[in-house]
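# An overview of the molecular structure
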Amino acid sequence: QVQLVESGGGLVQAGDSLRLSCAASGRTFNTYAMGWFRQAPGKEREFVATISWNGRNTYYAESVKGRFTISRDNVKNTYLQMNSLKPEDTAVYYCAAGTYSSNSRSYNYWGQGTQVTVSS
């Protein structure tokens, strides 16, 4: 069983930066790829970024490529650095643990989410 907790969300202006964190806990027998997803009101949850279990491979949605960076300092902590934020980035952001993929169905464990609001 794995528990994930996101933090670092908040209210910022367009062009500002935020860094989200995801802390994992619980007994595990394997390492996991980590992903970030987001969901805006009235919209489906969408893929943002993913990183392989060893941190050597990353993949991003086209909408955030060049602005967001996913990283991990060990198997338990994952980060999402968000630069040049836009109002359309406003959403609840979720971290997830599972298989390296852009598909949410490939992830077995999910955090509760953290709100990011970008004003114009």
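These notes cover the structure that comes with them. Given the structure is predicted, the values throughout are model-derived calculations rather than measurements.

## Some details on the overall build of the protein
The secondary structure content of the protein amounts to 0 helices and 11 strands. Ordered by position from N to C terminus, the α and β elements of the protein give β-β-β-β-β-β-β-β-β-β-β. Computed over its C-alpha atoms, the radius of gyration of the protein comes to 13 Å, within 12% of the 14 Å expected for a compact globule of 120 residues. Overall size of the protein, expressed as C-alpha extent along the three principal axes, is 45 × 25 × 25 Å. Expressed as a percentage of the 120 residues in the protein, the buried residues total 39%. For the protein, restricting intrachain contacts to residue pairs at least 6 apart in sequence, the fraction spanning at least 24 positions comes to 55%. Entry remark: accessible area of the protein is about 6600 Å², with carbon and sulfur atoms responsible for 44%.

## Overview of the pairing of strand S1 (residues 3–7)
Regular strands have side chains that alternate between both faces of the sheet. With burial as the criterion, only one face of S1 is covered, namely that bearing Leu-4 and Glu-6; the residues Gln-3, Val-5 and Ser-7 on the opposite face remain uncovered. As paired elements, S1 and strand S3 (residues 18–25) share 5 bridges and run antiparallel to each other. Bridge pairing in S3 places Val-5 opposite Ala-23.

## With respect to the side chain of Glu-6
The topology assignment puts Glu-6 in strand S1. Buried and unpaired, Glu-6 has no salt bridge, with Arg-45 as the nearest side chain of opposite charge at 7.6 Å. Polar contacts involving the side chain of Glu-6 include one to the main-chain amide nitrogen of Cys-95, which spans 2.9 Å. Here the side chain of Glu-6 touches Gly-113 through a polar contact of 2.8 Å, landing on its backbone nitrogen.

## So, the pattern of salt bridges
One pass over the structure, following the stated rule, counts 4 salt bridges. Between Arg-38 and Glu-46 there is a salt bridge, and its shortest N-O distance comes to 2.6 Å. Assessed through its relative accessible area of 5%, Arg-38 is described here as buried. Relative accessible area serves as the criterion here: at 30%, Glu-46 is assigned to the partly exposed category. Between Asp-89 and Arg-67 there is a salt bridge, with its nearest N and O atoms 2.8 Å apart. One end of the pair, Asp-89, is in the loop between strand S8 (77–82) and strand S9 (91–98); the other, Arg-67, is in the loop between strand S6 (58–60) and strand S7 (68–72), with 22 residues separating them in the sequence. Residue Asp-89 is classed as buried on the basis of its relative accessible area, which comes to 0%. In the salt-bridge network here, residues are joined through shared partners; they are Arg-38, Glu-46, Arg-67 and Asp-89.

Definitions and cut-offs
- Residues numbered from 1 in each chain as written.
- Predicted model: local features only at pLDDT ≥ 70, side-chain atom pairs only at ≥ 80, totals over all residues.
- Heavy atoms only, no water.
- Helix = DSSP H or I, 4+ residues; strand = E, 2+ residues; numbered from the N terminus.
- Rg over C-alpha atoms; globule rule 2.2 N^0.38 Å.
- Buried < 20%, exposed > 50% of the residue type's maximum accessible area, 1.4 Å probe, protein only.
- Contact = heavy atoms within 4.5 Å.
- Areas by Shrake-Rupley, 256 points an atom, 1.4 Å probe, with all protein chains shown as cover.
- Pairing = 2+ DSSP bridges.
- Lys, Arg positive; Asp, Glu negative; His and termini not counted.
- Salt bridge = Lys/Arg side-chain N within 4 Å of Asp/Glu carboxyl O.
- Polar contact = N/O pair within 3.5 Å; in protein donor to acceptor, adjacent residues only side chain to side chain.

In short, geometric facts, not functional conclusions.
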